[in-house]
Amino acid sequence: MACSSRSWNVAIQSEEQLSKVFESVSKAGGCINLRGSGASYGDANINTNQIVVDCTPMNEIESWDPETGLIRVQAGVTVEQVWRHVIADGYWPPVVSGTMTPTIAGALAMNIHGKNCYAAGTLGEHVVALRVLVPSGDVIECGPDKNGDFFRAVIGSYGMLGCILSATLRLKPIQTGQVEVTAYRTPNLAQMFDVFAKNVEQPYLVGWIDAFAKGDGAGRGIVHVARHLRADEVSNAAATLQPSAQELPGRLFGILPKSWMWRLLKPFSNRAGMRLINAVKYRSCSGRAEGKTHRESLGAFNFLLDFVPNWRFVYRPGGFIQHQSFVPADHAQEVFTQTLALARQYGMPPYLAVFKRHRTDAFLLSHGVDGYSLALDFAINNRSRGRIIDLTSEIDQLVVSAGGRFYPAKDATLHAEDYRRSLPDHSYTSFKTLKAQTDPHNILQSDLYRRLFQGGPMNPGILQDG
Ligand SMILES: Cc1cc2nc3c(=O)[nH]c(=O)nc-3n(C[C@H](O)[C@H](O)[C@H](O)COP(=O)(O)OP(=O)(O)OC[C@H]3O[C@@H](n4cnc5c(N)ncnc54)[C@H](O)[C@@H]3O)c2cc1C
């Protein structure tokens, strides 16, 4: 990640402490950004030269009921804490991101999606109740049927309306801790769309794209389709539900400590190296029309990047940005074909490209569309620094023209006017009105908020040497 800043950090343990911080800042001036695990890729969790409130010490699981599948957690409880707590009872979080490190409040502030985003929607759709402290000092209790407008606004509002103190989520019952995964090799983007269309009713569906490929093979990749295994399909269902059965292997090929993996990848962290890695990965998948099937633990399937500790060091020293655009189904193939071509024309093919199917949801600042998303990792180095903004800006024009949306958890370069154009007018104005009501002194701010809502600057890490 290329964004960084200096700020004053305050760790909070309780609602009372946070109320006092809100009160002091109201009197003294300045602004606060809330922070969870810091897993957002861009500038959502930073607040240059201002205050950052670390919510991770509020990390208790307040209640868990295996009868109903309802869990109530404090803001700083992580996705990892949740699954470890419930799996032996036969439950799993309904939506998880590609890493288990996010806090539940941070995940709801961005309204995360998983590899099951078409089937299960976003995490916010599985929330039963929230307690939110707003800067005036009031605590608002809300849920789909209680203060519903505020509920649908606060989820996905990037922490700008109030601090989520606790959340009650409905978890998903599972019979085993394993999924059956079928991998399909898709020789171009059109075939990737075909495989997605054929498997759209499957619980999990995710595509990886070799963004270096061109010509007839442009957009080639691998699609993974997965479903939960039933108890009668595995030899010892109870054993697969033990947290230990979800641990990611500690060694590569049983020999090298996984902490070494980023060092092994580092020499390939350039265009030639990544072209090679992408080509090898593509060819390593032998499943074509009929697909190739294997079994994996839920942990290994969902949290692949956690398998490579410090994977982001591969991008040192400049770091990287991620850009994820969401495009309605009718235009997605055309927009993503042009996006990949643009990246090649700029000489900056993304080192990693991930493709997903999405659906709409009822949240105010939703990034959900009935369509597809493409997430791209761009390395920031001497070749790309500065020019990356021209590239992402061109991509953003394609997305906005197609009626698409952006995901601020994975954005660092979107301009305020393009963000505004991507949202329905009523969403943008309702959010501004609600912000003025709940936070009249604009105490809650982040670098992302200033960039997207006030035309503030991009992080210097993208523009110049850090
Ligand atoms: C390897 C990796 C894979 C990922 N995969 C996915 C994926 O598959 N799908 C996906 O959707 N995302 C994915 N993400 C992004 C990540 O899930 C989100 O950015 C998530 O919001 C991070 O949570 P966090 O606790 O780290 O929050 P932070 O990044 O610290 O903060 C995120 C936002 O939450 C706000 N916030 C924090 N605490 C509170 C609070 N108590 N109340 C209100 N607002 C608060 C912050 O102000 C900020 O705006 C991935 C990230 C990584 C690093």
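Scoring rules and cut-offs
- By convention here, each chain's residues receive numbers from 1 onward along its written sequence.
- At least 70 in pLDDT is required for a residue's local features to be given in this predicted model, at least 80 for side-chain atom pairs to be given and counted, and no such filter applies to totals for whole chains, interfaces and linings, which use all residues.
- Water and hydrogen atoms were dropped before computing side-chain values, which therefore reflect all heavy atoms in the structure.
- By the criteria applied, helices consist of DSSP H or I runs no shorter than four residues and strands consist of E runs no shorter than two, each listed in order from the N terminus.
- We compute the radius of gyration from the C-alpha atoms alone; for a globule the expected value is 2.2 Å times N to the 0.38, where N is the number of residues.
- Burial classes: relative accessible area under 20% of the type maximum marks a residue as buried, over 50% as exposed, and values in between as partly exposed (1.4 Å probe, protein chains only).
- Two residues qualify as a contact provided that any one of their heavy atoms is within 4.5 Å of a heavy atom in the partner residue.
- Only the protein chains shown count as cover for residues, and all accessible areas are computed by the Shrake-Rupley method using a 1.4 Å probe.
- For the charge count, each Lys or Arg is scored as positive and each Asp or Glu as negative, with His and the chain ends excluded.
- Note on charges: their place is set at NZ of Lys, CZ of Arg, CG of Asp or CD of Glu.
- Paired strands, in this sense, are two strands between which DSSP finds at least two bridges.
- Nearness of a residue to a molecule or strand requires only that one of the residue's heavy atoms be within 4 Å of it.
- Whenever a nitrogen or oxygen atom comes within 3.5 Å of another N or O atom, the pair is scored as a polar contact, on the condition that within protein one atom can donate a hydrogen and the other can accept it, and that pairs from neighbouring residues in sequence are kept only if both atoms are in side chains.
- For salt bridges, the criterion is a side-chain nitrogen of Lys or Arg within 4 Å of an Asp or Glu carboxyl oxygen.
- To obtain an axis, a line is fitted to C-alpha atoms, over the contacting stretch when the element is a helix, and the angle between two such axes runs from 0 to 180 degrees between their N-to-C directions.
- Two aromatic rings from Phe, Tyr or Trp, using only the six-membered ring of Trp, form a pair when their centres are within 6.5 Å; if the ring planes differ by under 30 degrees the pair is stacked, by over 60 it is edge-to-face, and anything between is tilted.
- Take the buried Ala, Val, Leu, Ile, Met, Phe, Trp, Tyr and Cys residues and link them wherever side-chain atoms come within 4.5 Å; each set so joined is a nonpolar core.
- Counting rule for disulfides: a pair of cysteine sulfur atoms within 2.5 Å.
- In a helix, the anticipated span is given by 1.5 Å times the number of residues less one.
- Taken from the helix axis, the directions to the C-beta atoms give the arc we talk about.

A. Just the overall build of the protein chain, in detail. What the protein chain contains, in helices and strands, is 16 helices and 20 strands. In summary, the protein chain has a C-alpha radius of gyration of 21 Å against a globular reference of 23 Å for 466 residues, a match within 12%. In terms of principal-axis extent, the alpha carbons of the protein chain reach across some 60 × 55 × 45 Å. Per-residue burial over the protein chain gives 57% buried out of 466 residues. Of all intrachain contacts in the protein chain linking residues separated by at least 6 positions in sequence, the fraction that spans at least 24 positions is 73%. Counting every atom, the protein chain has about 19,100 Å² of accessible surface; 51% of that belongs to carbon and sulfur. The protein chain carries 46 positive and 42 negative side-chain charges, and their two centres are separated by 8 Å.

B. A look at the pairing of strand E5 (residues 70–74). For strand E4 (residues 61–65) and E5, the ladder comprises four bridges, and the chain directions are antiparallel. Within E5, the residue paired with Ser63 across the bridge is Arg72. As defined by bridge partners, E5 adjoins strand E9 (residues 163–170) across five bridges and the pair is classed as antiparallel. Its bridge partner being in E9, Arg72 is matched across the sheet by Thr168.

C. Highlighting the site of the ligand. In the neighbourhood of the ligand, 37 residues make up the surrounding shell, with Leu34, Ala39, Thr103, His113 and Tyr407 lying closest. One nitrogen or oxygen atom from the main chain of Leu34 is found 2.6 Å from an oxygen atom belonging to the ligand. The backbone of Ile164 places a nitrogen or oxygen atom 2.8 Å from a nitrogen atom of the ligand. About the coverage of the ligand: the protein hides 98% of its 980 Å² of free accessible area. Secondary-structure elements contributing two or more residues to the shell around the ligand are strand E2 (32–35), helix H3 (104–110) and E9. It is H3 that provides the largest number of residues to the shell around the ligand, a total of five residues.

D. A look at the pattern of salt bridges. Inspection of the entire model under this criterion finds 20 salt bridges. When the shortest N-O distance is used, the salt bridge between Arg220 and Asp210 registers 2.8 Å. Of this pair, Arg220 sits in the loop between strand E12 (204–209) and strand E13 (221–228) while Asp210 is found in the loop between E12 and E13, placing the two residues ten residues apart along the sequence. For the pair Arg220 and Asp210, a shared accessibility class is recorded, and that class is buried. Among the charged side chains, a network of salt bridges with common partners joins Glu180, Arg227, Arg230, Asp232 and Glu233.

E. Quick look at the sheet that holds strand E16 (residues 292–297). Spatial ordering of the open sheet is given by E16-E11-E13-E12-E18-E19-E17-E20, a layout of eight strands whose pairing is antiparallel. If you trace the sheet from one side to the other, it starts and ends with E16 and strand E20 (405–406), each paired once. Packing of helix H6 (residues 189–198) onto the sheet brings it into contact with strand E11 (178–186), E12, E13, strand E18 (352–358) and strand E19 (371–379), and relative to E12 it is tilted by some 175°. Docked against the sheet, helix H12 (residues 387–401) engages strand E17 (320–328), E19 and E20, running at close to 15° with respect to E17.

F. Highlighting the packing of aromatic side chains. Inspection of every chain in the model, using the stated rule, returns 23 aromatic pairs. Ring geometry for Trp92 versus Phe303: centroids 6.0 Å apart, planes at 35°, classification tilted. With Trp92 in strand E6 (residues 91–92) and Phe303 in the loop between helix H10 (298–302) and E17, this residue pair connects regions lying 211 residues apart in the sequence. For the residue pair Trp92 and Phe303, the accessibility class agrees, reading buried in each case.

G. Examining the sheet that holds E4 more closely. With antiparallel pairing, five strands are arranged side by side in an open sheet as E4-E5-E9-E7-E8. On the outer flanks of this sheet lie E4 and strand E8 (139–142), each paired with one strand and no other. Strand-to-strand twist across the sheet, computed as the mean angle between neighbouring axes with direction ignored, equals 10°. The sheet strands contacting helix H1 (residues 15–28) are strand E7 (127–133), E8 and E9, and the helix crosses E7 at an angle near 45°.

H. Region of interest: the nonpolar core. Of all hydrophobic cores here, the largest spans 140 residues; its most connected members are Leu130 and Phe336. Sequence-distant contacts of Leu130, that is, excluding residues within four places in its chain, are made with Leu108, Ile140, Glu141, Cys142, Phe151, Val154, Ile155, Ile164, Ser166 and Ala167. Ranked by size, the runner-up nonpolar core spans five residues in total, among them Ala183, Trp208, Tyr282 and Cys285.

I. Spotlight on the state of the cysteines. Scanning the entire structure with this criterion turns up zero disulfides. Cys163 supplies the cysteine sulfur nearest to Cys55, a cysteine that is in no disulfide, at a spacing of 4.2 Å. The class for Cys55 is buried, based on a relative accessible area of 6%. With a relative accessible area of 1%, Cys163 lands in the buried category.

J. Quick look at H1. With 14 residues, H1 extends 20 Å from end C-alpha to end C-alpha; this agrees with the ideal 20 Å at 1.5 Å per step. Taken together, the buried positions of H1 are Leu18, Val21, Phe22 and Val25. The arc that holds the buried residues of H1, viewed along the axis, is 100°, so those residues lie on one side. Among the exposed residues of H1, those oriented more than 90 degrees off its buried face are Lys20, Lys27 and Ala28. Residues of H1 that are buried make contact with strand E1 (8–11), E2, strand E3 (51–54), E7 and E9.

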